[in-house]
Amino acid sequence: MRHAWVVVVLAACGGTEPEPMDTGWTTGADVAQGAIQETAAVAVAGKVYLIGGLDDSEGTVARVQVYDTATNTWSDGPPLPQPVHHANAITDGTTIYVLGALTNVTAIGDSYKLDPATDTQWTTLAPMSPGRERGAAVVGMLGDNIFVAGGLRNAGASDFLDVYQTVTNTWMPLTSMPAARDHACGAELSGQLIVAGGRMVQTDSPRSEVWAYSVGSNTWEVRASMPTARGGMGCGVVYDRLYTAGGEGNPAVASGVFPNVEEYVYSTDTWTRLADMPNPKHGVGGAAWNGALYLCGGASMEGVGAIATTDVFRP
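This is a predicted model, so every value here is computed, not measured. Each chain has its residues counted from 1, following the order in which its sequence is written. In keeping with the predicted nature of the model, local features appear solely for residues at pLDDT of at least 70, side-chain atom pairs appear and are counted solely at 80 or more, and the whole-chain, interface and lining totals rest on all residues. By convention in this description, side-chain values take in all heavy atoms of the structure and omit both hydrogens and water.

Asker: What should I look at first to understand the packing of aromatic side chains in this one?
Answerer: Here a ring pair, both rings aromatic, is described through the centre-centre distance and the interplanar angle of the planes. Pairing of aromatic rings covers Phe, Tyr and the six-membered ring of Trp, with a centre-to-centre limit of 6.5 Å; geometry is then stacked below 30 degrees between planes, edge-to-face above 60, and tilted otherwise. Within this structure, the stated rule accounts for nine aromatic pairs. Relative to Tyr 213, the ring of Phe 147 lies with its centre 5.9 Å away and its plane at 50°, an arrangement referred to as tilted. A residue pair is termed long-range when its members are at least 10 positions apart, and Phe 147 in strand β13 (residues 145–149) and Tyr 213 in strand β22 (residues 210–214) qualify at 66 residues. Each member of the pair Phe 147 and Tyr 213 is classed as buried. Ring centres 5.2 Å apart and planes at 50° place the aromatic pair Tyr 164 and Trp 171 in the tilted group. Exposure class is identical for Tyr 164 and Trp 171. Each is buried. One aromatic cluster is present, built from ring pairs that chain together Trp 25, Tyr 243 and Phe 313. For the cation-ring pair, Arg 132 lies above Phe 160, with the distance from its terminal atom to the ring centre recorded as 4.1 Å. Think of it as a cone above the ring: NZ of Lys or CZ of Arg counts as a charge over the ring if it is within 6 Å of the ring centre and within 35 degrees of the ring normal. A cation over a ring is seen here: Arg 223 above Tyr 266, with NZ or CZ 4.1 Å from the ring centre. Secondary structure is summarised from DSSP: a helix means a run of H or I of at least four residues, a strand means a run of E of at least two, and numbering begins at the N terminus for each. A 1.4 Å probe rolled over the protein chains alone gives each residue an accessible area, and that area as a share of the maximum for its type sets the label: buried under 20%, exposed over 50%, partly exposed in between.

Now the structure itself:
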C-alpha cells in the first residue's frame, strides 16, 4: 500500500531561529525525535503539533511532537491514547481535535481532543459512526462543526462526508462526495469545504478533481481541477489561499514524489503553479501560522521513506 500524508526522519533539535526570508522557502530544525511520516499537523499559539505517524521503521507511534515557530525548537506534547497514523486532525485555534485515524492497516473512529494550554492528556470524544471509520481524510471547521470528507477505510477510498458537532459531541452523516477519495488535500476556504486531488486506492491513481461543499445547501460543486494530479500533499490556507505542496504518484522520477507547489484562489476559481519546493516529499501534514506554511517531516520516496526535514513556505 502506498502511504501519503506525513513523514519525519532522524534529526536533532536546533536552537537558533531559521534564517528569515520575506517570501519563498526556508528550512527549520529537523524533527527532534527522528523521521516520521503520515502524521497530521495543526498550529496553535505559534506551535505546530505533529500527531502520530509512521517512523523510519514503519512503526506506528502515539507521540505528539511540538515545533515552536518562534524559537525553532522541538519538544514533546501529551501522547495520544494509542498509536495512530493518517489521523484526521484540526484545531479551532485553541483545542486540537483528532477524529478517526488508521492504526496498522485498520481504520478506527476513536476521537479525542486536547487543549495544549491546560491539558496534560487527551480527552475521549464520541467515536465516528460504526461503518464510517476512516483516516487520511480532509478535515475542515465551520463554526462549531467539524467536517470530515473522504478518507481511507479498510476496503479502500471512501466518499463519506460526516459532521462532528463539538457542542453536542455527536456525529451526523451528510451528502456524500461526488466520488471516493483518500489522501486528498483541503480546508475551509471562503466558507466552503474544499477537497482537492487525492487518489482512489482501488486503482492507486492520483486525481486532480476539486470539489467545494456548501454547508447551507448540503451540496457539492465542481471547481477548477488542480494542474497536477497527485495525492498525499501537504497543504494549508495562508492569506485566504490554499497551497498544495509535494505529493506522490509522479511517474516522471524514480522517487515517485512531486516537487510541485500550487496556489488556489477561491474567488476566481483558479490555480497557479509556483516555484518547486526544495525538498520534494509526500505524507506530510501542513500547518499554517502567521503567514507561513510549515511542512514537518514527510517521505522523500513514494510509499515509505521518512525524513525529518522541516520546510517553511512563505507565499
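Asker: Please explain the pairing of strand β19 (residues 192–196) as it appears in this structure.
Answerer: The side chains of a regular strand alternate between the sheet's two faces. Where burial is concerned, most of β19 is hidden: five out of the five residues are buried. Any two strands between which DSSP finds at least two bridges are classified as paired. Two successive antiparallel strands, strand β18 (residues 185–189) and β19, enclose a turn made up of two residues, where Ser 190 displays a positive phi of approximately 55°. As paired strands, β19 and β22 are joined by four bridges and run antiparallel to one another. Looking at the pairing, Val 195 lines up with Trp 211 of β22.

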